[in-house]
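Structural characterization, general
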Amino acid sequence: MPKHPCPVVVVIRANDRTSYVAIFKRLKTEQNLQDSVGANVNKIRRSASENLLLQLKKASGNTGEMCRTLNKTLGELATTSTHIRLIWINHFR
């Protein structure tokens, strides 16, 4: 059974009183994020659970380092985590 990787996703969860507009503005204005994170992001969207999802490109490098950079930059506004999913496909004959 082959396994097909889904895109790697960085989840940004806002803290209690933080709006996603403030987080998005910080993501867009910080120069160190534009260099390290901005080049690797394919798509930004909101999840069903109201979190921001940064869908990364296939060759995005070290996602752990990217999360640490995001945590340091966002500080008290939000926390980040990565999710890597694999889909198992059954081939029936």
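Here, every reference points to the structure presented above.
Below or above, wherever it landed, is the structure these notes cover. (Residues numbered from 1 in each chain as written. Predicted model: local features only at pLDDT ≥ 70, side-chain atom pairs only at ≥ 80, totals over all residues. Heavy atoms only, no water.)

Of regular secondary structure, the chain possesses 3 helices and 6 strands. Secondary structure elements of the chain, listed N to C terminal, follow the sequence β-β-α-α-β-β-α-β-β. Residue burial in the chain is summarised as follows: out of 93 residues, 34% are buried. Pairs at least 24 apart in sequence give 65% of the contacts found in the chain among residues at least 6 apart. Of the roughly 6,500 Å² of accessible surface on the chain, a fraction of 52% belongs to carbon and sulfur atoms. (Helix = DSSP H or I, 4+ residues; strand = E, 2+ residues; numbered from the N terminus. Buried < 20%, exposed > 50% of the residue type's maximum accessible area, 1.4 Å probe, protein only. Contact = heavy atoms within 4.5 Å. Areas by Shrake-Rupley, 256 points an atom, 1.4 Å probe, with all protein chains shown as cover.)

Quick look at the environment of Gly64 now. Structurally, the position occupied by Gly64 is in helix α3 (residues 63-74). When its relative accessible area of 25% is taken as the criterion, Gly64 is described as partly exposed. Taking the C-alpha atoms as reference points, Gly64 and Val10, 54 residues apart in sequence, are found 9.6 Å from one another.

So, about α3. Helix length check: α3 (12 residues) gives 16 Å between terminal C-alpha atoms against 16 Å at 1.5 Å per residue, within 8%. Every buried residue of α3 is listed here: Thr63, Met66, Cys67, Thr69, Leu70, Thr73 and Leu74. Down the axis of α3, the sector holding all buried residues measures 160 degrees, keeping them to one side. The inward-facing, buried residues of α3 abut β2 (9-14), α1 (20-29), α2 (31-36), β4 (52-56) and β5 (78-83). In the stretch just after α3, Gly75 is the one whose phi turns positive, near 55 degrees. (Expected span 1.5 Å × (residues − 1). Arc of directions from axis to C-beta.)

With that out of the way, let us pick up the pairing of β2. Two faces belong to every sheet, and in a regular strand the side chains alternate between them. Two elements, β2 and β4, share 4 bridges in a ladder whose sense is antiparallel. For Ile12, the partnering residue across the bridge sits in β4 and is Leu52. When β2 meets β5, the two strands line up antiparallel, connected through 6 bridges. Along β5, the bridge assignment pairs Val10 with Thr82. (Pairing = 2+ DSSP bridges.)

Further remarks concern the sheet that holds strand β3 (residues 41-46). Strands sit in the order β3-β4-β2-β5 across an open sheet of 4 strands; the sheet is antiparallel. In the strand order of this sheet, the two ends are held by β3 and β5, each with one partner. Within this sheet the neighbouring strands show an average axis-to-axis angle of 20 degrees, counted without direction. The sheet contacts of α1 involve β2, β3, β4 and β5, and relative to β2 the element is tilted by about 130 degrees. Relative to the sheet, α3 contacts β2, β4 and β5, its axis offset from that of β5 by approximately 170 degrees. (Axes fitted to C-alpha atoms, helices over the stretch in contact; angles between N-to-C directions.)

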